Amino acid sequence: MGVRHAVVAGGGIGGLTAAVALSRRGWRVTVCERASVLTGIGAGIVLAPNALRALDSIGLGPGLRVGEALPGPIGLRTPDGTWLSRSDSGALSARHGTAARAVHRGFLIDTLAAALPSDALRLGVSVTGVDDSGDGVSVRTSAGDLRADVVLAADGIRSALREQLFPGHGGLRHAGEAGWRAVLPGAGLPAQRAAETWGRGERFGIVPLADGRIYVYATAVSGPGTRPADHHAELIRRFGAWHDPIPALLDRLSRRAPDPVDLLHHHFHELASPPPRFHTRGVALLGDAAHAMTPNLGQGGCQAIEDAVVAAHLLASIHDTPAALAAYTKARHRRTTRISRRSRRVGQLARLSHPLAASIRDLAVRATPRALSLRALDTVLGWQPPLVPADFKEQR
C-alpha cells in the first residue's frame, strides 16, 4: 500500500502541528493556506504544560523552549495593584513537570512551518469543499481538486468546512466582550511579571515573552459591532489610572512612541454549542473549527495543539480512517467542551461590572487557598499526549 495523503485546510497553529505530526509518522501532507504568506498575528501565546507535552511528543518541544520560562509570580490583581491571587511559576512547574513558555505567535508559526517537508505548504490556496462519500476524500480548492485519505479542517473560527459538514449547527455567538492586543519592546522597562488585573467589566493582562518583548492585552464589556473611534484614547481612558506598570505600557503603546506598535482590536466569539461530533467519514475538525472558545483560560491554541497530536496519533495507529476519526471525536469532544464551558464561566466572572458583585468576586478569589487554585487547573494542565511508538525517531 502506498503512502497515505492528508490535506490540511488552514495553516494556523493547529493545522501546522497536525501536518508536522503526520509527516513524522510517514504520511504525505498538503497544507492549504488561503493567505499568501504565513504570519502569526501580532500577539503572544502562552504554551501551557499540556501544549508543551504535546509538542514534545512530536519532537518540537526543545525548539520552543528558548529564552526564559514564564516568570513568577503569576496571578490576579485589582486596579490599585493589590494581589487577589498569586502563585509562583516554579510551583506550577513542579506540579506539572514543565514551566509554561510565552512566545510570539509568529515564532511558533515559523517553528512549525520550518518542520514541514519542503513541498507540503501551498500558500494562497483555500479549501472550498470536501466530499467523503466515496473512497477517500475529494477536496475542492481554489487551485484545483485534490484526492486525500483524510482531510483535517483547521480553517478557523468561521470554518467553511464546519458549516458544510454540519449545516444545522448553531454557529458563533458574541461573548459580550471586545479586546485589544499588542506586543511591545521590552527594552528600557523594568522586568515584568505575568499578571491579569480585574476591574469592573474590564481587564488588563501583562505577559513577558521568552524573547524579552511584552505581550499586553485588555478587554472590556462590549456589544457586537461596537468599535471605539480612537483605540489608544479608549485604552488610556479605561486603564490609564490603573497600577504600575500599566500607564508606562500604555505610553509605549501610544502613537507618540518612536516606533509605533500594531494594536489589534477584535470582538470575542465562541461556538454557542459544539458540533455533535468532530468528524465525518474522512474529515476531522480541529482547533477553532471544532471548538472555538473564549480566551479566558488561555487554552484556545493549546487545545488546537492537543487536537492535532491526538488526530495524527490515531490516524497513524488505526489504518481505517473512519474508525480513527471516530476515536478522535471520542478522545477530544468531551474534554474540549468542558474547557470551553469553563472558559466561558471565567469570562462571566471577569465581566462583572456592578460594584457589589465585583467586590464579592474579589473577596472570593482572595479567600481561595493557593493550593486549591493550583489543583483547580490539574485537569486542564495535567493532560498527557498519546504514547509514541518506539520507532518514532526513525520515522522522522
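An unreviewed UniProt entry annotates the protein chain as Monooxygenase originating from Streptomyces inusitatus.

## Side note on the overall build of the protein chain
Helix and strand counts for the protein chain stand at 15 helices and 17 strands. Taking 21 Å as the expected radius of gyration for a compact globule of 396 residues, we find that the protein chain reaches 21 Å, a close match to that expectation. Projecting the C-alpha coordinates of the protein chain onto the three principal axes gives extents of approximately 65 × 45 × 40 Å. Counting across all 396 residues of the protein chain, residues that qualify as buried make up 54%. When contacts within the protein chain are restricted to residue pairs at least 6 apart in sequence, long-range pairs at least 24 apart make up 75% of them. Seen as two clouds, the 47 positive and the 33 negative side-chain charges of the protein chain have centres 6 Å apart.

## Details of the sheet that holds strand β16 (residues 264-271)
Either a parallel or an antiparallel arrangement is found when strands of a sheet pair, and the pairing is made through backbone hydrogen bonds. Strand order in the open sheet formed by seven strands is β5-β4-β13-β14-β15-β12-β16, and the pairing between neighbours is mixed. On the outer flanks of this sheet lie β5 (83-87) and β16, each paired with one strand and no other. Recorded for the sheet is a direction-independent mean angle of 20 degrees between the axes of neighbouring strands. Both strand β14 (residues 202-208) and strand β15 (residues 214-221) contribute to a ladder of seven bridges, which runs antiparallel. Bridge assignment links Phe 204 to a residue of β15, and that residue is Ala 218.

## Description of the pattern of salt bridges
Between side chains of opposite charge, a pair can form as their charged atoms come close. Considering all chains together, one arrives at 15 salt bridges under this definition. We note a salt bridge from Arg 238 to Glu 234, for which the minimum N-O separation is 2.8 Å. One end of the pair is Arg 238 and the other is Glu 234, both in helix α7 (residues 231-239) and four residues apart, which spans about a single turn. Put simply, Glu 306 and Arg 335 hold a salt bridge, and the shortest N to O gap is 2.8 Å. In this pair, Glu 306 sits in helix α10 (residues 300-317) while Arg 335 sits in helix α11 (residues 321-350), placing the two residues 29 residues apart along the sequence.

## With respect to the nonpolar core
If you look at the biggest cluster of nonpolar residues, it comprises 74 residues, and the most contacted ones within it are Leu 47, Val 130, Val 139 and Val 151. Looking at this core element by element, the count peaks at nine residues for α10. Among residues more than four places away in sequence, those in contact with Val 151 are Val 7, Val 130, Val 137, Val 139, Leu 161, Gly 282, Val 283 and Ala 284. Counting residues in hydrophobic clusters, the runner-up holds 19 residues, among them Leu 184, Trp 242, Leu 250 and Leu 263.

## Remarks on the packing of helix α2 (residues 49-57) against α10
For the pair α2 and α10, interaxial distance at closest approach is 9 Å and the crossing angle is 30 degrees. As summarised for this structure, α2 and α10 are arranged roughly parallel, according to the angle between their axes. Here α2 runs over α10; the crossing is left-handed. Only Cys 302, Gln 303, Ile 305, Glu 306 and Val 309 of α10 make contact with α2, whose side of the interface consists of Asn 50, Ala 51, Ala 54, Leu 55 and Ser 57. Split into classes, the residues belonging to the contact of α2 with α10 amount to six nonpolar, three polar and one charged.

## Quick look at α7
For α7, the set of buried residues is His 231, His 232, Glu 234, Leu 235, Arg 238 and Phe 239. Take α7 and look down its axis: the buried residues cluster within an arc of 160 degrees, on one side only. As for α7, its buried residues are in contact with β12 (172-184), β14, β15, α8 (246-253) and β16.

## So, the packing of α10 against α11
If you want to describe how two helices pack, look at the angle between their axes and the distance between the axes. In the contact formed by α10 and α11, the axes pass within 9 Å of each other and the chain directions differ by 160 degrees. Of the possible angle classes, the one that applies to α10 and α11 is roughly antiparallel. For the pair α10 and α11, the crossing hand works out as right-handed. Along the contact surface, α10 presents Gln 303, Glu 306, Asp 307, Val 310, Ala 311, Leu 314 and Leu 315, while α11 presents Thr 321, Ala 324, Leu 325, Ala 327, Tyr 328, Ala 331, Arg 332, Arg 335, Thr 336 and Ile 339.

## Comments concerning unusual backbone geometry
In this structure, Pro 245 follows Asp 244 across a cis peptide bond, with omega equal to 5 degrees. Residue position: Pro 245 is located in the loop between α7 and α8.

## Observations concerning the packing of aromatic side chains
We describe a pair of aromatic rings using the distance from one ring centre to the other and the angle between the two ring planes. This structure, assessed with the given rule, holds four aromatic pairs. Seen in terms of ring centroids, Phe 278 and Tyr 328 are 6.4 Å apart; in terms of plane orientation they differ by 50 degrees. Their pairing is tilted. One end of the pair, Phe 278, is in the loop between β16 and β17 (283-285); the other, Tyr 328, is in helix α11, with 50 residues separating them in the sequence. The residues Phe 278 and Tyr 328 share a single accessibility class, namely buried. Following the ring pairs from residue to residue traces out a cluster consisting of Phe 204, Phe 239 and Trp 242.

Rules behind the numbers
Residues numbered from 1 in each chain as written. Predicted model: local features only at pLDDT ≥ 70, side-chain atom pairs only at ≥ 80, totals over all residues. Heavy atoms only, no water. Helix = DSSP H or I, 4+ residues; strand = E, 2+ residues; numbered from the N terminus. Rg over C-alpha atoms; globule rule 2.2 N^0.38 Å. Buried < 20%, exposed > 50% of the residue type's maximum accessible area, 1.4 Å probe, protein only. Contact = heavy atoms within 4.5 Å. Lys, Arg positive; Asp, Glu negative; His and termini not counted. Charge placed at Lys NZ, Arg CZ, Asp CG, Glu CD. Pairing = 2+ DSSP bridges. Axes fitted to C-alpha atoms, helices over the stretch in contact; angles between N-to-C directions. Salt bridge = Lys/Arg side-chain N within 4 Å of Asp/Glu carboxyl O. Core = buried A, V, L, I, M, F, W, Y, C linked by side-chain atoms within 4.5 Å. Parallel < 35°, antiparallel > 145°, perpendicular 65-115°, else oblique. Left-handed = near helix turned anticlockwise from the far one by under 90°. Nonpolar A, V, L, I, M, F, W, Y, C, P; charged D, E, K, R; others polar. Arc of directions from axis to C-beta. Phe/Tyr/Trp six-rings, centres within 6.5 Å; stacked < 30°, edge-to-face > 60°.

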